[in-house]
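Chain by chain, the residues run as shown.
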Amino acid sequence: MNDVRKLRIATTSLAGCFGCHMSLLDIDERLFTLLELVEFDRTPLTDIKRCGACDIGLIEGGVCNAENVHVLREFRKNCKILVAVGACAVNGGLPAQRNHLDLRDILEAVYETEGGLARGAHIPNDPELPLPLNQVHPIHEVVKVDYFLPGCPPSGDAIWKFLSDLIAGRTPTLGHDLLHYD
Amino acid sequence: MSEETTFFLDGEPIPFTAGQTILQAAHAAGRYIPHLCWHPDYKPHGSCRLCTVSIGGRSVPACATQASEGLEVANRTPELDDARRMLLQMLFVEGNHFCPSCEKSGQCLLQATAYELGMMGPHFDHFYPNRPVDASHPDVLLDFNRCILCSLCEQASARDGKFVFVMGGRGMRGRKVIINSASGRLADTDFALTDRAANVCPVGVILKKRVGFSVPYGQRRYDRAPVSVAQAQEASRE
Ligand code: SF4
Ligand code: SF4
Ligand code: FES
């Protein structure tokens, strides 16, 4: 068994809430089975910062700023199979509900006019901060996506079924109990 | 005798009476043909094309095609379901379907149909329409960003004798449901929660206030059974 090369998996969260990553942990003790088959590259679980050559990239979250675009492209370049995980990666999700609002109005509301702000609070403008995009986009509008795993978040069971199909070389499918958009 | 009133849906005999459409007869027999703009109480609208079936290699809408004796109708073939999935994807990207925050989730025919057909992702770029919502009515909220233009609200409201909802405009972006009052607001109509039209929308446009998310996840209509099974059960109870 040990001479079989383990698949390399990278994961990241773009404009997401980390709920999909929490759901990945919800596969519970099956994580041990998974770790016999795969090893993790860049992911919040390993804290590796750059993505190397990988078999599977799991992307949580949509694209809301310039850094998201950069990370997404890095994943696409390095991962043979790219998976949009969760509602935000699939269709923009909750962050995309700002799409019909003017970006400047939102920033002003959050940083300058909302109650409870410190005196002199202003919209952050540190050059280190990634520039926000006018709209939040699902990841397939930026790079080619091979598979979609919907849900907000997909349940641990759905993630497990999806990954076991994918790792076994089957087209991942979710039946009635596992396929959810919410 | 029975031969004269039977057609075949994926090889299964379906009884029908003269004048019934393929979808009407199949529905009554508890057989599922995917559909969105059809409702048993109203005239077929023929706009969503989810019900497209194949007869002798020709694609026709099952909701608007009369059943006839001995007809061989192909329904759930991989090719037809592929085409249906693509139609669903187009419907999803033409609206703002953020199911996690939608009160209709779990009871929505569009969503349930997408589950039935195994739609995993949207495939197309999103439009993210920006249509005004109408929260003016004390009991009902309208979010037309989810409208699939099925016209069921218009038909139901006509049956109510109120004509509150009217289809208007032209073209993919122009066509919309208009509220039939001078102000264009629902509050300025005689619309009531008890109207047929309040309960007919297959998606999350016409929503009752103060009841959202009241059915727990896992127990909502289409959590309990896929739409194909749920509709067969309902038909057998009718
Ligand atoms: S109307 Fe249906 S498909 Fe659209 S957001 Fe609501 S639950 Fe989802
Ligand atoms: S509001 Fe609902 S019932 Fe009316 S046309 Fe739109 S989707 Fe159909
Ligand atoms: S149900 Fe037949 S076209 Fe919509």
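Everything here concerns the structure above.
Conventions we followed
Every chain is numbered on its own, with residues counted from 1 as its sequence reads. Here every chain gets a letter starting at A, and every ligand a number starting at 1, in the order they are written. Whole-chain, interface and lining totals are the exception, using all residues; otherwise, since this is a predicted model, local features are given only for residues with pLDDT of at least 70 and side-chain atom pairs are given and counted only at 80 or more. Hydrogens are left out, water is left out, and the side-chain values use all remaining heavy atoms of the structure. Helix and strand assignments follow DSSP, with helices taken as H or I runs no shorter than four residues and strands as E runs no shorter than two, numbered in order from the N terminus. Partly exposed residues are those whose accessible area sits between 20% and 50% of the maximum for their type, while under 20% is buried and over 50% is exposed, using a 1.4 Å probe and protein chains only. Two residues form a contact once any of their heavy atoms are found within 4.5 Å. For this purpose, a residue is taken to be near a molecule or strand whenever a single non-hydrogen atom of the residue falls within 4 Å of it. Each residue is assigned to one class: nonpolar for Ala, Val, Leu, Ile, Met, Phe, Trp, Tyr, Cys and Pro, charged for Asp, Glu, Lys and Arg, and polar for all the others, Gly among them. A pair of strands is treated as paired once DSSP finds two or more bridges between them. Interaxial angles span 0 to 180 degrees and are taken between N-to-C directions of axes, which are lines fitted to C-alpha atoms, for helices over the stretch in contact. Note on definitions: salt bridges are taken to be side-chain nitrogens of Lys or Arg within 4 Å of carboxyl oxygens of Asp or Glu. Buried area is calculated as the accessible area (1.4 Å probe) missing from two parts once they are joined, with the contributions of both summed. Any residue with relative accessible area above 30% and no salt bridge may belong to a patch, with like charges joined within 9 Å and the nonpolar Val, Leu, Ile, Met, Phe, Trp and Tyr side chains within 5 Å. Here the accessible surface of atoms and residues is derived via Shrake-Rupley with a 1.4 Å probe, and residues count as covered only by protein chains that are part of the display. Here a crossing is called left-handed whenever its near helix is offset anticlockwise from the far helix by less than a right angle, and right-handed whenever the offset is clockwise.

Enquirer: Looking at this structure, I do not really get the overall build of chain B. What am I missing?
Expert: Scanning chain B from terminus to terminus reveals 7 helices and 10 strands. Each principal axis of the C-alpha distribution contributes one length, and for chain B these read about 55 × 40 × 40 Å. Taking all 238 residues of chain B together, 49% fall into the buried category. The long-range share in chain B, meaning contacts at least 24 apart out of those at least 6 apart in sequence, stands at 64%.

Enquirer: Honestly, the site of ligand 1 in this entry has me stumped. Any pointers?
Expert: Near ligand 1 you find B:Phe92, B:His97, B:Phe98, B:Cys99, B:Cys102, B:Ser105, B:Cys108, B:Leu110, B:Gln111, B:Arg146, B:Val203 and B:Gly204, and these make up its full shell. Here the residues of the shell around ligand 1 sort into 7 nonpolar, 4 polar and 1 charged.

Enquirer: What's the story with the site of ligand 2 in this structure? I'm lost.
Expert: For ligand 2, the full set of nearby residues is B:Cys147, B:Ile148, B:Leu149, B:Cys150, B:Ser151, B:Cys153, B:Val177, B:Cys201, B:Pro202, B:Val203 and B:Val205. Its residues placed into classes, the shell around ligand 2 shows 10 nonpolar, 1 polar and no charged.

Enquirer: I keep staring at the sheet that holds strand S4 (residues 58–61) of chain B and nothing clicks. Help me out?
Expert: Strands in a sheet are paired, the pairing made by backbone hydrogen bonds, and the direction either parallel or antiparallel. All names here are of chain B. Here we have 5 strands laid out as an open sheet, ordered S2-S1-S5-S3-S4, and mixed in their pairing. Across the chains shown, the open sheet's two edge strands, defined by having one partner strand only, are strand S2 (12–15) and S4. The mean angle between the axes of side-by-side strands here comes to 40°, regardless of whether they run parallel or antiparallel. Relative to S4, strand S3 (residues 52–55) runs antiparallel, the two being bridged by 4 bridges. Its bridge partner being in S4, Ser54 is matched across the sheet by Ser59.

Enquirer: I tried to follow the pattern of salt bridges on my own but got confused; where do I start?
Expert: Pairing between side chains of opposite charge can happen when the charged atoms of each approach one another. Inspection of the entire model under this criterion finds 26 salt bridges over all chains. A:Asp157 is paired through a salt bridge with A:Arg30; the nearest N and O atoms lie 2.9 Å apart. Of the two residues, A:Asp157 sits in helix H6 (residues 156–167) while A:Arg30 sits in helix H2 (residues 30–37), which places them 127 residues apart along the sequence. Here A:Arg30 falls in the partly exposed class, since its relative accessible area comes to 24%. A salt bridge links B:Glu234 to B:Arg221, with the shortest nitrogen-to-oxygen separation between them at 2.7 Å. Placement of B:Glu234 in helix H7 (residues 227–237) and of B:Arg221 in helix H6 (residues 221–224) is noted, with a sequence separation of 13 residues between them. When its relative accessible area of 30% is taken as the criterion, B:Arg221 is described as partly exposed. When salt bridges that share partners are traced, they join B:Arg76, B:Asp81, B:Arg84 and B:Glu116 into one network.

Enquirer: Even after reading the chapter, I still don't get unusual backbone geometry, so can you show me in this structure?
Expert: For residues besides glycine, phi is generally negative; the peptide bonds are generally trans as well. Residues and elements named next belong to chain A. The omega torsion of the bond from Cys152 to Pro153 falls at -10°, within 30 degrees of zero and hence cis. Among the structural elements, Pro153 can be located in the loop between strand S7 (147–149) and H6. Residue Asp47 is not a glycine yet carries a positive backbone phi of 65°. Within the secondary structure layout, Asp47 lies in the loop between strand S2 (38–40) and strand S3 (54–60).

Enquirer: In this structure, what is going on with the environment of B:Asp125? I would like to understand it.
Expert: Topologically, B:Asp125 is positioned in the loop between helix H3 (109–116) and strand S6 (133–134). For B:Asp125, a relative accessible area of 48% puts it in the partly exposed group. Sequence spacing of B:Asp125 and B:Glu94 is 31 residues, and the spatial spacing of their C-alpha atoms is 9.1 Å. Discounting chain neighbours no more than four positions away, the residues touching B:Asp125 are A:His140, A:Glu141 and B:Val93.

Enquirer: I keep staring at the interface of chain A and chain B and nothing clicks. Help me out?
Expert: Many structure descriptions define interface size as the accessible area lost when the parts assemble. In this complex, chain A contributes 27 residues to the contact, which on the side of chain B involves 28 residues. Taken over both partners, the interface formed by chain A and chain B buries close to 2200 Å², and the fraction arising from carbon and sulfur atoms is 61%. Among the residues chain A hides against chain B, the three largest losses belong to A:His176, A:Tyr181 and A:Asp182. Together they make up 33% of the total. There are 1 salt bridge connecting chain A and chain B.

Enquirer: What should I look at first to understand a nonpolar patch on the surface in this one?
Expert: A grouping of A:Met22, A:Leu25 and A:Leu45 is seen on the molecular surface, where their side chains present a nonpolar patch of about 270 Å² in accessible area. For A:Leu25, the location among the structural elements is in helix H1 (residues 19–25).

Enquirer: Would you explain the pairing of strand S5 (residues 79–85) of chain A in this entry?
Expert: Residue and element names in this part refer to chain A. Within S5, 5 of the 7 residues are buried, leaving the element largely enclosed by the surrounding structure. Sheet topology note: the S3/S5 ladder contains 6 bridges and is parallel. The partner of Glu60 across the bridge, within S5, is Val85. Where S5 and S7 come together, 3 bridges link them in parallel fashion. Across the sheet, the residue bridging to Val83 is Tyr147, located in S7.

Enquirer: For this particular structure, what's the right way to read the packing of helix H2 (residues 78–94) of chain B against H3(B)?
Expert: Helix packing geometry: the angle between the two helix axes and the distance between the axes. Residues and elements named next belong to chain B. Where H2 contacts H3, the two axes come as close as 10 Å, and the packing angle between them is 140°. With respect to the hand of their crossing, H2 and H3 are arranged in left-handed fashion. For the pair H2 and H3, contact is made by Leu88, Leu91 and Phe92 and by Leu110, Gln111, Thr113 and Ala114, respectively. Per-class residue counts for the contact of H2 with H3 are 5 nonpolar, 2 polar and no charged.

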